[in-house]
Amino acid sequence: MDYRQDRLYPAFVHRELAVSWLAIASLLGGRHRWDLRQGRFTVLEFGCGHGLNLIFNAAAHPDAQFFGIDFHPSHVARATTQARELGLSNVQFAVADLRDFTEGPPDRGPCRLWPEAYDLVLAHGIASWVDADTRQALLEAASHNLQPGGLFYCSYNTYPGWLSRSPLQMLALELGLLSGHNTSEASLQQATAWLQELLGDGDTHTSPLGRFHPELRTALQALTNAPGTYLLGEYQATHQPLYVGPMHRACAQAGLTHVGSATLPELFPQMLDPIRTAWVAQARHPALQEILFDLAISQSFRRDLFARGVVPPNSSDTQVELASLPLILRQDSLKARQGFPTSMGTMAINAAILQTVDRVLADGPRSLGELAQELGKAPRDLLPQLALLLDQNRVGTDPFAALAAGSQPGLKAAEPAEITAFNQKLVELASRGKGAGGLLAPDLRLPIPLGDAQILLTQVEGLGLKDADRVQMVAMGILRAGLTLHDQKGQAVRDKQGISNLLAQLWQELQGAGMEDLRRLGLF
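Caption draft 1: Representation of the overall build of the protein chain in the model. Each helix and strand in the protein chain was counted, giving 22 helices and 16 strands. In summary, the protein chain has a C-alpha radius of gyration of 23 Å against a globular reference of 24 Å for 524 residues, a match within 12%. In terms of principal-axis extent, the alpha carbons of the protein chain reach across some 65 × 60 × 60 Å. Counting all 524 residues of the protein chain, 53% fall into the buried class. Total accessible area on the protein chain is roughly 22,800 Å²; 52% of this is exposed by carbon and sulfur atoms. Across the protein chain, the 43 positively charged side chains and the 52 negatively charged ones have centroids separated by 2 Å.

Laid out in structure tokens, this is it:
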């Protein structure tokens, strides 16, 4: 396993790792009954990094218990410290190797007193960042630590979408080896520059490589703003993107059954254009359909959901649960959008449906059943459109809303006031440069990714300042507190003008749908 401890990996917040999001994915997928609304569930994350996703989950579900392991001591130290500063007692972190979990919970070390089995096991991005033996150990560890009926989230880079990026990985590795080491930031920068020179801008000249891999130029452009430590992990020598067929067979051999995706639109391949829909549908076997689907969309990243023992959902119960889902309108300014970019290409929703969504939800939350009634449809008939609207942050929902409202006495879920108090602690940490990468949306139980500087900019929204004055006010506070800002590439920005410029850029990026979403979610 090529895991270096001489550098810190970036910390990211992912909505797809939120328990509430995974509950929705399971419900919309309709293949497996995964009901955690009783509140007292357990979650284990392999490779938890800085622990941010578990921290947000722990705040959203105080009656549940969360556990995370990572190979990097500094990651675990930061996660543990931040959880303590935020007052969370239902999340634990430990330095451990996932290979110690291949036969169940370890009987020695810091995890020996952890639960015997978990309702949810998470592994974000690990499967394609490790060698084949470690990947097999990951699948066995997930299976042997899941409760029967438990859910395993496993995301990984995939072919065929990653084929266009393989020349960069190869060239960066070869340049690194010639310098006496593996892939490095320097070799990645050199490989990127050389390939950009070869590919050109697509207008003045086009090389054979550019003709056969047109996505490579776009990928290289996107890398210019990515943190170097992240790129090193993404393009390391052992990194091996996977085809879905072999990956799903390996999971099946470990006792894990594929039940869906946390990328919600991908639950509905019928949303593809008629030609591709018919092409995918010609495969009668579900496993072959997954293979054809990845080929049809040139899949580059999967967020698969597997179950250890499938529990077929009850049709009548599912209909009731779907009808009661509360929906809130998020980014109203998106109402004019005709198409939505997704992993499946640009998807469109019938204009009449979008107009009805805007009208029905304009005055506050309404249920999916009420929306379906307005449209003269059954809730189940709206699931493809709902998946797309949720994916695009056009609407939001919380499957735990009934529990939060106290409909099940004796169980406890975080009330909006508790989440607001948690967010206040996050703002305080952000003011000291120690934020957790976002805020928690009370009505959705989802993390909303925001950097420390963005959080501070939103907190002065109510002062009625001009943009320039707002930026200067936050800049002065940052300088006075001695905080260090970092640009998109992770480089430190310490001078006054540089801080002001970065804040102005961040504020500009927050305008429009971003600030509108934060207002609707009550996050400042």
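Caption draft 2: Local environment of the confidence of the model for the protein chain. Per-residue confidence for the protein chain gives a mean pLDDT of 89, with 93% of residues at or over 70. Predicted confidence for residues 404-411 stays below pLDDT 50, and this span has 13 contacts to residues more than four positions away or in other chains.

Caption draft 3: Up close: the packing of aromatic side chains. The tally for this structure, following the rule as stated, stands at 9 aromatic pairs. Between Phe 67 and Trp 114 the ring centres are 5.0 Å apart and the planes differ by 45°, which places this aromatic pair in the tilted class. Of the two residues, Phe 67 sits in strand E2 (residues 65-70) while Trp 114 sits in the loop between strand E3 (91-95) and strand E4 (118-124), which places them 47 residues apart along the sequence. Look at Trp 114 and you get buried, because its relative accessible area is 6%. Here a set of aromatic residues connected by ring pairs shows up, and it is made of Phe 41, Phe 66 and Phe 400.

Caption draft 4: Local environment of the nonpolar core. Core analysis: the largest hydrophobic core is formed by 114 residues, its most contacted members being Leu 28 and Leu 503. Residues Leu 98, Tyr 118, Ala 123 and Val 244 belong to the second largest nonpolar core, which totals 33 residues.

Caption draft 5: Looking closely at empty space enclosed by the protein. Applying the stated criterion to the full structure yields 3 cavities of 30 Å³ or more. Quantified by volume, the largest cavity comes out at close to 140 Å³. When residues of the lining of the largest cavity are traced back to their parent elements, those giving at least two are helix H1 (19-29) and helix H13 (315-323). Approximately 90 Å³ is the volume found for the second largest cavity. Lining the second largest cavity we find Ser 20, Trp 21, Ile 24, Arg 330, Leu 390, Asn 393, Val 395, Gly 396, Thr 397, Pro 399, Leu 444 and Leu 446. For the lining of the second largest cavity, the secondary-structure elements that each account for two or more residues are H1 and strand E12 (395-397). Looking at the lining of the second largest cavity residue by residue, the classes come out as 7 nonpolar, 4 polar and 1 charged.

Calculation criteria
Residues numbered from 1 in each chain as written. Predicted model: local features only at pLDDT ≥ 70, side-chain atom pairs only at ≥ 80, totals over all residues. Heavy atoms only, no water. Helix = DSSP H or I, 4+ residues; strand = E, 2+ residues; numbered from the N terminus. Rg over C-alpha atoms; globule rule 2.2 N^0.38 Å. Buried < 20%, exposed > 50% of the residue type's maximum accessible area, 1.4 Å probe, protein only. Areas by Shrake-Rupley, 256 points an atom, 1.4 Å probe, with all protein chains shown as cover. Lys, Arg positive; Asp, Glu negative; His and termini not counted. Charge placed at Lys NZ, Arg CZ, Asp CG, Glu CD. pLDDT = per-residue confidence, 0-100. Contact = heavy atoms within 4.5 Å. Phe/Tyr/Trp six-rings, centres within 6.5 Å; stacked < 30°, edge-to-face > 60°. Core = buried A, V, L, I, M, F, W, Y, C linked by side-chain atoms within 4.5 Å. 1 Å grid on protein atoms, 1.4 Å probe; cavity = no way out; pocket = protein on both sides within 12 Å on 5 of 7 lines; lining within 4 Å. Points joined across faces, edges and corners; volume = space filled by probe spheres on them. Nonpolar A, V, L, I, M, F, W, Y, C, P; charged D, E, K, R; others polar.

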